[in-house]
Amino acid sequence: MYKKVSTNLNFVEREKETAQFWKDHDIFKKSIETREGDPVYTFYDGPPTANGKPHIGHVLTRVIKDMIPRYRTMKGYMVPRKAGWDTHGLPVELEVEKKLGLDGKEQIEEYGLDPFITQCKESVWKYKGMWEDFSKTVGFWADMDNPYVTYNDNFIESEWWALKTIWDKGLLYKGFKIVPYCPRCGTPLSSHEVAQGYKAVKERSAVVRFKVAGEDAYFLAWTTTPWTLPSNVALCVNPEETYCKVKAADGYVYYMAKALLDKVLGKLGTEETPAYEILETYKGTDLEYKEYVPLYEGAAKSAEKQHKKAHFVTCADYVTMSDGTGIVHIAPAFGEDDAQVGRKYDLPFVQFVDGKGNMTEDTPYAGLFVKDADPKVLVDLDKEGLLFDAPKFEHDYPFCWRCDTPLIYYARESWFIKMTAVKDDLIRNNNKINWIPESIGKGRFGDWLENVQDWGISRNRYWGTPLPVWQCECGKMHCIGSREELKKMSPNYQDVVKKYSKEMDGDKGEVELHRPFIDDVVITCPDCGKEMHRVPEVIDCWFDSGAMPFAQHHYPFENKEVFEQQFPADFISEAVDQTRGWFYSLLAISTLLFNKAPYKNVIVLGHVQDENGQKMSKSKGNAVDPFEALETYGADAIRWYFYVNSAPWLPNRFHGKAVQEGQRKFMGTLWNTYAFFVLYANIDEFDATKYKLEYEKLSVMDKWLLSKLNTLVKTVDDNLANYRIPETARALQEFVDDMSNWYVRRSRERFWAKGMEQDKINAY
Ligand code: ZN
Ligand code: ZN
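All of these numbers come straight from a predicted model, not from anything done at the bench.

## Focus: the overall build of the protein
- Scanning the protein from terminus to terminus reveals 28 helices and 28 strands.
- Burial statistics for the protein: of 764 residues in total, 55% are counted as buried.
- Of all intrachain contacts in the protein linking residues separated by at least 6 positions in sequence, the fraction that spans at least 24 positions is 77%.
- In the structure as shown, the protein presents an accessible area of about 34,900 Å², 49% of it carried by carbon and sulfur atoms.
- Once the 98 positive and 114 negative side-chain charges of the protein are each reduced to a mean point, those two points are 4 Å apart.

## Concerning the sheet that holds strand E22 (residues 523–524)
- Across the sheet, which stays open at both edges, the 4 strands sit in the order E21-E20-E23-E22 with antiparallel pairing between neighbours. Looking along the sheet, the strands with just one partner apiece sit at the ends: strand E21 (477–479) and E22.
- Strand direction decides the pairing type here: E22 and strand E23 (residues 531–534), joined by 2 bridges, are antiparallel. Its bridge partner lying in E23, Ile523 is registered against Met532.
- Here helix H8 (residues 153–168) sits on the sheet and contacts strand E20 (469–471) and E21; the angle it forms with E21, its principal contact strand, is near 130°.

## Here's the deal with the sheet that holds strand E25 (residues 569–575)
- Pairing within the open sheet is parallel, and its 3 strands lie in the order E17-E26-E25. Strand pairing shows two members of the sheet lacking a second neighbour, strand E17 (434–436) and E25, which therefore form its edges. Each adjacent strand pair in this sheet contributes to an overall mean axis angle of 15°, direction not counted.
- Here 6 bridges tie E25 to strand E26 (residues 599–605), and the two strands are oriented parallel to one another. Note that in E26 the partner of Glu574 across the bridge is Val604.
- Packing of helix H3 (residues 56–74) onto the sheet brings it into contact with E25 and E26, and relative to E25 it is tilted by some 165°.

## A closer look at helix H22 (residues 582–594)
- For H22, built from 13 residues, the straight-helix expectation of 18 Å at 1.5 Å per residue is met to within 8% by its first-to-last C-alpha distance of 17 Å.
- All buried positions along H22 are accounted for by Trp582, Phe583, Tyr584, Ser585, Leu586, Leu587, Ala588, Ile589, Ser590, Thr591, Leu592 and Leu593.
- Just past H22, the residue Asn595 takes up positive phi, approximately 45°.

## Brief notes about a negative patch on the surface
- A contiguous patch of negative charge, built from Asp26, Glu33, Glu36 and Asp145, is present on the exposed surface.
- By the element assignment, Asp145 lies in strand E2 (residues 143–149).

## Observations concerning H8
- For H8, built from 16 residues, the straight-helix expectation of 22 Å at 1.5 Å per residue is met to within 8% by its first-to-last C-alpha distance of 22 Å.
- Of all 16 residues that make up H8, 12 are buried, and the element is covered over most of its length.
- Two residues or fewer past H8, Gly170 is found with a positive phi of approximately 75°.

## Remarks on the coordination of the zinc ion (ligand 2)
- Cys472 (SG), Cys474 (SG), Cys525 (SG) and Cys528 (SG) make up the full set of protein donors to the zinc ion (ligand 2), lying at 2.2 to 2.3 Å.
- One can describe the donor arrangement at the zinc ion (ligand 2) as tetrahedral, given that its 4 donor atoms subtend angles of 100 to 116° at the metal.
- Within one chain, the residues serving as donors to the zinc ion (ligand 2) are arranged as C-x1-C-x50-C-x2-C. You can see Cys474 sitting in the loop between E20 and E21 and its partner Cys525 sitting in the loop between E22 and E23, a full 51 residues away along the chain.
- Classification of Cys474 by relative accessible area gives partly exposed; the value is 40%.

## Some words on the coordination of the zinc ion (ligand 1)
- Distances from the zinc ion (ligand 1) to its protein donors, namely Cys182 (SG), Cys185 (SG), Cys400 (SG) and Cys403 (SG), fall within the range 2.3 to 2.4 Å.
- With 4 donor atoms in place around the zinc ion (ligand 1) and angles of 105 to 123° between them, the coordination shape is tetrahedral.
- In the primary structure, the donors to the zinc ion (ligand 1) are separated according to the pattern C-x2-C-x214-C-x2-C.
- Here Cys400 falls in the buried class, since its relative accessible area comes to 2%.

## Here's the deal with the state of the cysteines
- By the definition in use, this model includes 0 disulfides.
- Here Cys244 stays unpaired: no disulfide links it, and the sulfur of Cys315, its closest cysteine neighbor, is 16 Å away.

## Describing the pattern of salt bridges
- Inspection of every chain in the model, using the stated rule, returns 47 salt bridges.
- The shortest N-O distance in the salt bridge between Lys290 and Glu215 comes to 3.4 Å. Of this pair, Lys290 sits in the loop between strand E11 (276–283) and helix H11 (297–305) while Glu215 is found in the loop between strand E6 (206–211) and strand E7 (218–223), placing the two residues 75 residues apart along the sequence.
- Counted as one network, the salt bridges with shared partners bring together Glu93, Glu97, Asp103, Arg184 and Arg461.

## Focus: the pairing of E7
- The element E7 is extensively covered by neighbouring structure, given that 6 of its 6 residues are classed as buried.
- Of the two faces of E7, the one carrying Tyr218, Leu220 and Trp222 and the one carrying Phe219, Ala221 and Thr223 are both buried.
- Bridge analysis of E6 against E7 gives 6 bridges, and the strand direction is antiparallel. Residue Arg209 lies in a different strand from E7, and its bridge partner there is Leu220.

## Quick word on the environment of Gly475
- Take Gly475: it is sitting in the loop between E20 and E21.
- Measuring from C-alpha to C-alpha, the distance between Gly475 and Met532 comes to 9.8 Å, with 57 residues separating the pair along the chain.

## Looking at the nonpolar core
- Core analysis: the largest hydrophobic core is formed by 79 residues, its most contacted members being Phe210, Phe219, Leu265 and Leu381.
- If we skip the residues at most four places from it in the chain, Phe219 touches Val208, Arg209, Phe210, Val212, Leu235, Tyr255, Lys290, Glu291, Tyr292, Val313 and Ile327.
- Listed in part, the 76 residues of the second largest apolar core include Val59, Trp640, Tyr641 and Ala763.

## Describing the side chain of Arg750
- Along the chain, Arg750 turns up in helix H27 (residues 725–752).
- Setting aside its immediate chain neighbours within four residues, Arg750 contacts Ser699, Asp702, Tyr743, Asp759, Lys760, Asn762 and Ala763.

## A closer look at the environment of Tyr292
- In this structure, Tyr292 sits in the loop between E11 and H11.
- For the pair Tyr292 and Leu235, spaced 57 residues apart in sequence, the C-alpha separation works out to 8.9 Å.
- Non-local contacts of Tyr292, meaning those with residues more than four positions away in its chain, are made with Phe210, Lys211, Val212, Ala213, Phe219, Asn232, Val233, Ala234, Leu235, His311 and Phe312.
- Engagement of the side chain of Tyr292 in a polar contact is seen with the side chain of Asn232, the distance being 2.5 Å.

The rules behind each value
- Residues numbered from 1 in each chain as written.
- Chains lettered and ligands numbered in written order.
- Predicted model: local features only at pLDDT ≥ 70, side-chain atom pairs only at ≥ 80, totals over all residues.
- Heavy atoms only, no water.
- Helix = DSSP H or I, 4+ residues; strand = E, 2+ residues; numbered from the N terminus.
- Buried < 20%, exposed > 50% of the residue type's maximum accessible area, 1.4 Å probe, protein only.
- Contact = heavy atoms within 4.5 Å.
- Areas by Shrake-Rupley, 256 points an atom, 1.4 Å probe, with all protein chains shown as cover.
- Lys, Arg positive; Asp, Glu negative; His and termini not counted.
- Charge placed at Lys NZ, Arg CZ, Asp CG, Glu CD.
- Pairing = 2+ DSSP bridges.
- Axes fitted to C-alpha atoms, helices over the stretch in contact; angles between N-to-C directions.
- Expected span 1.5 Å × (residues − 1).
- Patch = residues over 30% accessible without salt bridge, like charges linked within 9 Å, V, L, I, M, F, W, Y side chains within 5 Å.
- Salt bridge = Lys/Arg side-chain N within 4 Å of Asp/Glu carboxyl O.
- Donors = N, O, S within 2.8 Å, 3.2 Å for Na, K, Ca; no water.
- Tetrahedral: all angles 85-135°; square planar, octahedral: opposite > 155°, others 65-115°.
- Disulfide = S-S within 2.5 Å.
- Core = buried A, V, L, I, M, F, W, Y, C linked by side-chain atoms within 4.5 Å.
- Polar contact = N/O pair within 3.5 Å; in protein donor to acceptor, adjacent residues only side chain to side chain.

Keep in mind these values describe shape, not function.
So this is what it looks like as structure tokens:
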């Protein structure tokens, strides 16, 4: 007898029984153990952060990540998959700051780094239980009992090995660079972080009159950041363009680009008087070194102190004729183009903004946040008769993706990995990856690599992998690549162990590798014998997640064979916002260390939108709670919807009705078809194992369905082997429809017939 099949379609309850069965019998573990010795298929799990709750998009990533490894397991591969947790970085610190009522670095240091770090370590597990339940409900199989955790000392030690390897290649350097900088978090951001936080904003720009020295005339120059004007040290023109001196209808004499005369001055004209009259024409180079009167005293004083010449016209190709006046103002501390001009003309370095993004006392706006200084600067210049215009303009401006503060471009000392030196390798390795869809690998990601920038890797923060560089007052720097090396070079390692023995539970006689503990460990300078101290920086947490292929196994200190067997990954999958995040950091680090692509196939997932195609957000109230959705529709229905609905890389509209429709049409039909079989097979006491299929005795209808079935098997196998998910799902759906609505419907009477005739056996 076949097990009785209930005709109710309560899939949600049945799913829970299945999940429990998997758990009680360790089915996931068995699915790997029974494949011992079989070929290995490797999947890397991109680590989520457990200090945020899962959202509906995580259902999509988990179900795609889950289905390919299952398929490979069914095809005879062993598919180990270690779950992971991303635990370092600013979001954790921000959460702890909020919890403790602290604001900014000064207050954190007052509170004490030791207890602050302890709080961070606890905070990262805030929603761990929720994530585990979520994974279980979704049916996502991964080894959650032995996950990799990016804050573990072993993980950090592997990263130190990586950084030292990069250091030894001469690709880790300290530079003075203009960096995108979050003044609230007090730290620079990497270019891939910046790329995640652009927003369209409307601001006022300034067209400013700079008085030409010794002449009753003005340079008209344009800037989008008025707060940089107090730090102005030069103006810049395009050397190849044509510039004019004009008498304008407002009574002033101006120098500006010919191409922009009408755009800027046109509105001054009336029917009687023309807007301007050209007095003379120049080439950009003719204006070079022409001097003007400084706008603010502070900049002039600072230039004098530095014994540098300032406040004259410079030339650079980047000045365009598309906006403004064809003359731009130069503040070398606040922009990469400006900094280059500054180096070329040996301009003074004037940075009248402090690390918190506030104007300094060298300006009349001391203590004001830069963006709040903007309107004051405009008012002041207007009072002085130096403001020609303050047109509103709209542009995309970067905000901190963590705390939403506007970023500023700011000169800072920072540590970099010289990605520009391995650009060709990055591109070559990327070309070996099978991107699904192809367009992202060639387009968005390929373009990103074509314009690759050095990776600004240091963060002036606390909760992260410490940068393992020690420096001596003699100038010597040393990069430590392992705990062993550190112990060998340090005269006080054991003292530090003793000092913190309570905090570290007298832990194995080792110093924890985090700040502030590691900061106390000194090493002896190999050059001069003095004490070397660790630099204060920690590193970008994207380096952590990008290091997971080897750091999850504590390679090269342990598990050498495991790593070698499981590198590179056969398959990874994450949402499209990881293009410049994890997809990039994996490729970057793997190229630096092994000069190899770290993954062979990657499915890029689109974002999940609401049913009207709008982005989901808590504030709009259209965000779907994943737990509620799973409880209402069941994991299988949601999984099926994501598989069949659209290509995974397209934005996916999540729509409860459509999920239910798919459940009814596919799952319900399949279930009812099987229930029909069981009902009659049990009445007839039919046992399929007692019969052999005799092909020549089958009806045309039977042969048709068998042919359809075998075509289906081939289609599913071809598609899944090539990571084509919706094509697979649709083929299954069509087959179930054919089987139920054609085959079973046309064959019903055969099951109702008396006795056990050949035709009935065939139908069964
Ligand atoms: Zn920030
Ligand atoms: Zn030294």
